[in-house]
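# Results of the structural survey
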Amino acid sequence: MRARGAGGGAAATAGQILPSLRDLLSVEAAYVLYVYSGRFKTVAPFRLIPGDLTVLLLALVAGAVTWGLLAGRLRLPPARPPVLLALLLVEFAGASVFWSSLDPINTDKALRFVLFTGSSFFVACMLGQHPASRARLVRLIALLSVTILVYYLYQRFAVGTTSGSIESGALDRVPEAGTNYVENAEHAWLLFIICLTLAVLGTPGQFLGALAGLGAAGMLLTITGGRGPLLLSVLSVPLLAAGVVAARRDIVRRLGRLAVLLALLAGSGALGYAVLASGSDAEAEQFHTLRRIDAQVSGEATYSMDIRALGRQHAIDQWLRKPLFGWGIGEYTIQEPDLRYPHNLFLEILMETGIVGAALFLGAVAAAVAACRRIALDSRTGWADAALVLVFLTDLGSRMTVQGYLADDRMFFGYMGLIIGCGRARAVPARASHGSMAARADSTAVRP
């Protein structure tokens, strides 16, 4: 049954956690598969599919979005400054290939950024305008993350395909397993944030289930080897606490839930670490993430971080030589084929597209951060929207420091598009959309 009214979509899905059949057959499902296709398309069964799976899923998303627009269930994002800034960034970065080396690497990166990353942002802007779509996306991201993590556990503990070491930087980088340790850890981070917001902002009946998911995600964050996602998950806790205080709604109850969660996580984590650390060496070595953090802090096995620091310095030095328009998209890989990218999205954009591209990027990011503030201050914000805010802000912190590759950043640009779409929808006065087709679209889940 369709919910009616401007807030009906959000209210109708507030108590729903598990994806339904409608969720699995929706445009949001096609979008989630497309955005995260790189995480599973190397799995053996998907290798049998003729053609590139990402391209096929993009065609599916394009068809579903076209149908949604024609049926009136979707609407194009408004031509507002955040959307225009992102559009100009995509166009400018694509055009920068003409003052690059015109190597196949340049043209490939330009095509992938314009086609894959650009499309991810604009489709996310459309979906982000609908509360039911945002809730559905969060449920589907959680489902996909659980599926990928279960497959990882099967490959690691049942098949035994784990290889590599901390020193070599190849821990759990097993192509046959479909994903590497960083990708597995990132899905544990996504699951952690979703369960965290559900436990704090959800209904009392959802608390225990969210707590179990939070504990499982925390355990996976410690054993996968991805130190960055673990730190981002920790960062999401004070961010959520700040959002609860800013919203000025049920502060005591929500902060109380958060305190209980932290106490249970700390207690169970300390007990688990003590039990396994006192066991065999094989058991103690399961704490891959903690070992990587300890090695980094103690000055051991710092090759990964050291080489990234040199890469970032190279990006700054080269930008100073061509500060206004940069070297052209893909030029960093041409000049540093071993590192391929500086592991800092802002510096990558600055070096390849200059001040012009960096200004467009920072403008869109600033608009998204402002939308995060608007969402946090809205007392109607539910757990799904809060999860999207935390995912974007923590991922932004990662992209601005140690991560990022412009051609493959469709996940980050997708998160930014969802936030901009959500912030724009909340900025529209309710009386302006009451009774309109836009309001009915907001209250109806998008179907293919």
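Structure report, in brief. (Residues numbered from 1 in each chain as written. Predicted model: local features only at pLDDT ≥ 70, side-chain atom pairs only at ≥ 80, totals over all residues. Heavy atoms only, no water.)

## Side note on the side chain of S233
Secondary-structure assignment places S233 in helix α11 (residues 227-247). On the accessibility criterion, S233 (2% relative accessible area) is buried. When near neighbours in sequence (up to four residues on either side) are disregarded, S233 contacts W189, F192 and L221. (Helix = DSSP H or I, 4+ residues; strand = E, 2+ residues; numbered from the N terminus. Buried < 20%, exposed > 50% of the residue type's maximum accessible area, 1.4 Å probe, protein only. Contact = heavy atoms within 4.5 Å.)

## Observations regarding the packing of helix α9 (residues 181-201) against helix α10 (residues 204-223)
Between α9 and α10, the shortest axis-to-axis distance is 8 Å and the interhelical angle comes to 155 degrees. The angle between α9 and α10 falls in the class roughly antiparallel. For α9 against α10, the interelement crossing comes out left-handed. Packed against α9, whose contacting residues are A185, A188, W189, L191, F192, C195, L196, L198 and A199, the element α10 presents Q206, F207, A210, G213, L214, A217, G218, L220 and L221 at the interface. When its residues are assigned to classes, the contact of α9 with α10 shows 15 nonpolar, three polar and no charged. (Axes fitted to C-alpha atoms, helices over the stretch in contact; angles between N-to-C directions. Parallel < 35°, antiparallel > 145°, perpendicular 65-115°, else oblique. Left-handed = near helix turned anticlockwise from the far one by under 90°. Nonpolar A, V, L, I, M, F, W, Y, C, P; charged D, E, K, R; others polar.)

## What to know about the state of the cysteines
All told, the structure shown has zero disulfides when counted by the stated rule. Looking at the unpaired C422, the closest cysteine sulfur is the one in C372, lying at 8.9 Å. (Disulfide = S-S within 2.5 Å.)

## Some points on the pattern of salt bridges
Applying the stated criterion across every chain, the model contains 15 salt bridges. With a shortest N-O distance of 2.6 Å, D23 and R136 are connected by a salt bridge. With a gap of 113 residues between them, D23 in helix α2 (residues 21-24) and R136 in helix α8 (residues 131-159) connect regions that are remote in the sequence. For D23, a relative accessible area of 1% puts it in the buried group. The class for R136 is buried, based on a relative accessible area of 2%. One continuous salt-bridge network, built from bridges that share partners, spans D23, E28, R136 and R139. (Salt bridge = Lys/Arg side-chain N within 4 Å of Asp/Glu carboxyl O.)

## What about the nonpolar core?
Of all hydrophobic cores here, the largest spans 102 residues; its most connected members are Y36, L196, F392, F413, M416 and I419. For this core, the leading source of residues is α9, giving 13 residues. Excluding anything up to four places from it in sequence, Y36 contacts I141, L144, H187, L190, M411 and Y415. Core analysis: the second largest hydrophobic core is formed by nine residues, W319, Y332, L339 and L347 among them. (Core = buried A, V, L, I, M, F, W, Y, C linked by side-chain atoms within 4.5 Å.)

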